[in-house]
Structure formats: C-alpha cells, structure tokens
Amino acid sequence: MKDKLNIIKNGIIKENPIFIMLLGLCSALAISTSLTNAVGMGMAVTFVLIMSNVIISTIRHLIPDEIRIPVFIVIIATAVKCVQFLMNAYTPALYTSLGVFIPLIVVNCIILGRAESFASKNSVIDSLCDAIGMGLGYTLALLIISAIRELIGTGGLSFVNPFNATQTIFRFSFFKSCAISLLTQPSGAFITLGCILAYLQHRRLKKVIEIQKGERK
Amino acid sequence: MKSIMKLGIVLALVAAISGGMLSYVYNLTNPIIEAANLQRREEQLTSIYDGGEEFVEITDYIDQFSTITNCFKVVKDNTVEGYVYQMSVNGYGGKVTYLVALDESGIYKGYETIDVTTETSGFGSRVATDEMKAKVIGKDIGSKLDALTGATITSSAVIRGIDDAVAHYQMLKGGKSS
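Draft legend 1. Main features of the pattern of salt bridges. All names here are of chain A. Scanning the entire structure with this criterion turns up 9 salt bridges over all chains. Here arginine 68 and glutamate 116 are joined by a salt bridge, their closest N and O atoms 2.8 Å apart. One end of the pair, arginine 68, is in helix H4 (residues 68–90); the other, glutamate 116, is in helix H6 (residues 109–119), with 48 residues separating them in the sequence. Linked by salt bridges that have partners in common, Asp3, Lys4 and Asp126 make up one network.

Shown next as structure tokens:
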C-alpha cells in the first residue's frame, strides 16, 4: 500500500510533470489564465492519463514491441476524443474556453511519456496510481501558475463551477486598478513559470550545498 | 512476412476497437450536444434581435454563398424587421461560426459568435469578445469594418463573411423591388 502512495506522491512532488520534468508546457502555459481553466484542463488531462495508462498497462503483453508507439497513439487519441465529446456535452462553457487545447492533449508529452516509460513496464494498479499522481501533479502546477497569473493579471481570483458556467463558487477582487495585464498574456505565462522554476531550483541548490557541507565536516 | 501480417492485424484490431468505442461515446453525447447547440442558437437569435417575434428560415440565393449556413427573416407584427445570418467561415484553425443581424434600414443590428473553439485562446478567440462586437454593431452596411490587431486572420475572415451576408441581403432587397 505504501509504495502505491509513493507512486502517487512521486507524480505530485518529486517528478512533477510541469515543475520538475517540464513536460506538456505548451498547453499548460496557454490555458493557465484562470483557476477555472486550470481545473478543467487538469481534469481532462488526468482523465486521459488514467484511461491511457490503465488500458496500455492492461494490454502491455499483447502489443508487439515494434508497433507499440502507434498503438499507444491510437489509444491516447481515442481517450482524448472521448473526453472532447463528454466535455462538449456536459461542460460546454469550459469546452469553449479551453478551445483547441482539448484535442491537443493527444500530443501532450506527459501522456505519451507516462505510457512509454511507466505504463508499458508496470502493473495495472501501479500505472493507475502513476496516472493519478501525474494528473494531480499537473493540476496542482496549473493551479499554482494560474493563481499567480489571475491574481496579478486581473487583480482578483474567481472560480466558476466547471460543470455549470452560471454557478460562481467564489469571486474576489483586490486591486483591480493596478492589475498587470501582461500576466494574462502568453509572455506572462513564461515569466511566471520562470520565477517558479528559479525558486524551486534555488531551494534544491540550497539543499545540495547543505549536504555537501555536512559531508565535509 | 508472417510478422508483418501479425503487426498489421494487431494494429487494425486496436484501431477497430477504438473506432467502435468512439462511435459509442459519440452516439451517447451527440444528442445532448445537438440539443444544447439548438437551444443556444434559439437563445442567441432572440438575444441578437430583441423585439424579434418570429424567425423564418429563408433559402433564396443561399447556395451562392458558401459562408452562409442559415438565414432567418425576423418578423414582427407581420412586417419584416430585418435578417439574421448564421455564418461559418475559415478562421486560423478551422471553422468559426457566428450570427450577424441586419435590420431593414441597413444597419448592423447584432453580432454574436457561436463557436470559436478552433481558434487560439487569447488571439483568434477575441472575435467572440465585446471588442469585435463594438467594431460591428451600429455601423452602416456600406462602411468598412476594421479587423482586430493581433487577431487579423480570424477577424478578417469574420468580416469577409459579414460582407457576404450584406451581398446576400442586397440580393434579397433587389429581388423584391424588381
């Protein structure tokens, strides 16, 4: 049981797809303009990851090695198309605001990456845990980026129920008059991500230096 | 040779199962999507032309314009108030569908997008915002409409579509007077 939790934790923190592995940045940077988008995209990616990881690890012994990549792609594309249909039917507002980035999940490298490096080598349950961990890690990273961008870019934070666009869960506005709208632009996404990565790297370096000091003593 | 056959069969099998699953999900969700779209269009037709009581679909000359999907005559108290066009043009990433309303005196009465999901969020998708609406609504049909800076491809496509709607509108008018 503990190793399953470790797999999940691994995806959220130690091997966070956005902050540590820097995978799937295109869609992450593009849609992280609001918390609602982040949650919606996070759910979509998590769902696709779970479906593709579980299916691929179930049939991993049946797929001939030579054609495993095309088979993975077909499975992932099917999962994404299913998500697209479901979102169009049940979350039309989110479907509109995420736009072209939903079909683009097909080419999101997190999904193919996990299929190739984890699901094709591990058991179904482990792959499921990995998918949940990676999905949550992706969602968490999106939430952090979009919270910063929305707060500074629009001067407030809001969250709308992804399943019902008319139901606002919360909406605050703090300093609307001095919001920096650059942060809502794509360049703002790069700046935000750069700052977060610099901070994480700073922490990691500090830890390494401390360990080295300890060894010297 | 044998292994190639085997690989082909496995791949075909995977593709077939995927196709079957997709068609199942499609059949499951399509009625909901269609109903939602229809309801949204109904709401948009009334919101784009407030005061319109009845929307009558007309098909005259429509086949001459590839961009016009539907045309509705707006009727109020048995007189024609204006026209609402449903347009579908090629934007940057794919089809952009929207409604444009013209009233009987030749003024753009309304503009509303239906589907801009093919356009890049934050760029082409700006044709769905009030920014674009402000450039269209209230203008005379003779005046030139400006594209949006930074979303030129999508907004020019939208404007070319509006021009088509105007051309069709004038054909309807011309047809009536002769």
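Okay, back to it.
Draft legend 2. Structural detail: unusual backbone geometry. All names here are of chain A. The residue leucine 22 is not glycine, and still its phi comes out positive at about 55 degrees. As for its position among the elements, leucine 22 is in the loop between helix H1 (2–14) and helix H2 (25–31). Taking relative accessible area as the criterion, leucine 22 reaches 41% and is therefore assigned partly exposed.

Draft legend 3. Layout of H6(A). Listed in full, the buried residues belonging to H6(A) are A:Ile110, A:Ile111, A:Arg114, A:Ala115, A:Phe118 and A:Ala119. For H6(A), the buried positions fall inside an angular range of 130 degrees around the axis, keeping them on one side.

Draft legend 4. The arrangement of the environment of B:Leu172 in detail. Residues and elements named next belong to chain B. For leucine 172, the location among the structural elements is in helix H3 (residues 152–177). Given the relative accessible area of 9%, leucine 172 is considered buried. Taking the C-alpha atoms as reference, leucine 172 lies 7.7 Å from aspartate 60; in sequence the two are 112 residues apart. Excluding residues within four positions of it along the chain, leucine 172 makes contact with Ile58, Asp60, Tyr61, Tyr83 and Tyr85.

Draft legend 5. Geometry of the packing of aromatic side chains. On inspection of all chains with the given rule, the structure shows 5 aromatic pairs over all chains. Look at B:Tyr83 and B:Tyr169: their rings are 5.8 Å apart centre to centre, the planes differ by 80 degrees, and that puts the pair in the edge-to-face class. Within this pair, whereas B:Tyr83 is found in strand S3 (residues 79–90), its partner B:Tyr169 is found in helix H3, the two being separated by 86 residues in sequence. For the pair B:Tyr83 and B:Tyr169, one class covers both residues: buried. Ring pairing ties together the aromatic residues A:Phe159, A:Phe170 and A:Phe172, which thus form one cluster.

Draft legend 6. Seen up close, the interface of chain B and chain A. Facing 18 residues of chain B, the contacting portion of chain A comprises 24 residues. Carbon and sulfur atoms supply 81% of the area that chain B and chain A bury against each other, a total of about 2,000 Å² over both sides. Joining chain B to chain A, the criterion identifies 0 salt bridges. Applying the counting criterion to the chain B and chain A interface returns 1 residue pair in polar contact (both at pLDDT 80 or more).

Draft legend 7. Main features of a positive patch on the surface. Taken together, the side chains of A:Arg203, A:Arg204, A:Lys206 and A:Lys207 present a region of like positive charge at the surface. Along the chain, the position of A:Lys207 falls in helix H8 (residues 186–216).

Draft legend 8. Quick look at the packing of H4(A) against H6(A). Residue and element names in this part refer to chain A. For the pair H4 and H6, the least separation of the axes is 11 Å and the interaxial angle reads 135 degrees. With respect to their mutual orientation, H4 and H6 come out oblique. Where H4 crosses over H6, the two elements pack in a sense that is right-handed. Facing H4, whose interface residues are Arg68, Ile69, Phe72, Ile73 and Ile76, H6 presents Ile111, Leu112, Ala115 and Glu116. Partitioning the contact of H4 with H6 into residue classes produces 7 nonpolar, no polar and 2 charged.

Draft legend 9. Up close: the domain arrangement of chain B. Residues and elements named next belong to chain B. Domains assigned within chain B are domain 1 (1–48) and domain 2 (51–177). Each of domain 1 and domain 2 has a C-alpha centre, and the two are 30 Å apart. Counting from both sides, the interface comprises 7 residues of domain 1 and, opposite them, 14 residues of domain 2. A combined buried area of about 870 Å² lies between domain 1 and domain 2, and 67% of that area is made up of carbon and sulfur atoms. Our count for the domain 1 to domain 2 interface comes out at 0 salt bridges. Summed over the shared surface of domain 1 and domain 2, the number is 0 residue pairs in polar contact (both at pLDDT 80 or more).

Draft legend 10. How the structure looks around the side chain of A:Ser146. All names here are of chain A. When you line up the elements, serine 146 lands in helix H7 (residues 124–154). Judged by relative accessible area, serine 146 falls into the buried class, the value being 0%. Not counting the four nearest positions on each side in its chain, serine 146 is found in contact with Ser32, Thr33, Ser34, Leu35 and Ala38.

Draft legend 11. Main features of the layout of surface pockets. Put simply, the largest pocket is a space of about 810 Å³. Lining the largest pocket are 35 residues, with A:Ile31, A:Thr33, A:Ser34, A:Asn37 and A:Thr184 sitting closest to its centre. Only H2, helix H3 (35–58), helix H5 (92–98), H7, strand S1 (156–160), strand S2 (168–173) and H8 of chain A provide two or more residues apiece to the lining of the largest pocket. Of the residues in the lining of the largest pocket, the class split is 16 nonpolar, 15 polar and 4 charged. In this structure, the second largest pocket occupies an estimated 640 Å³ of space. Around the second largest pocket, the lining comprises 25 residues; the ones closest to its centre are A:Pro92, A:Ala93, A:Thr96, A:Ser97 and B:Arg40.

What counts, and where the lines are drawn
Residues numbered from 1 in each chain as written. Chains lettered and ligands numbered in written order. Predicted model: local features only at pLDDT ≥ 70, side-chain atom pairs only at ≥ 80, totals over all residues. Heavy atoms only, no water. Salt bridge = Lys/Arg side-chain N within 4 Å of Asp/Glu carboxyl O. Helix = DSSP H or I, 4+ residues; strand = E, 2+ residues; numbered from the N terminus. Buried < 20%, exposed > 50% of the residue type's maximum accessible area, 1.4 Å probe, protein only. Arc of directions from axis to C-beta. Contact = heavy atoms within 4.5 Å. Phe/Tyr/Trp six-rings, centres within 6.5 Å; stacked < 30°, edge-to-face > 60°. Buried area = accessible area lost by both parts, 1.4 Å probe. Polar contact = N/O pair within 3.5 Å; in protein donor to acceptor, adjacent residues only side chain to side chain. Patch = residues over 30% accessible without salt bridge, like charges linked within 9 Å, V, L, I, M, F, W, Y side chains within 5 Å. Areas by Shrake-Rupley, 256 points an atom, 1.4 Å probe, with all protein chains shown as cover. Lys, Arg positive; Asp, Glu negative; His and termini not counted. Charge placed at Lys NZ, Arg CZ, Asp CG, Glu CD. Axes fitted to C-alpha atoms, helices over the stretch in contact; angles between N-to-C directions. Parallel < 35°, antiparallel > 145°, perpendicular 65-115°, else oblique. Left-handed = near helix turned anticlockwise from the far one by under 90°. Nonpolar A, V, L, I, M, F, W, Y, C, P; charged D, E, K, R; others polar. Domains from an automatic or database assignment. 1 Å grid on protein atoms, 1.4 Å probe; cavity = no way out; pocket = protein on both sides within 12 Å on 5 of 7 lines; lining within 4 Å. Points joined across faces, edges and corners; volume = space filled by probe spheres on them.

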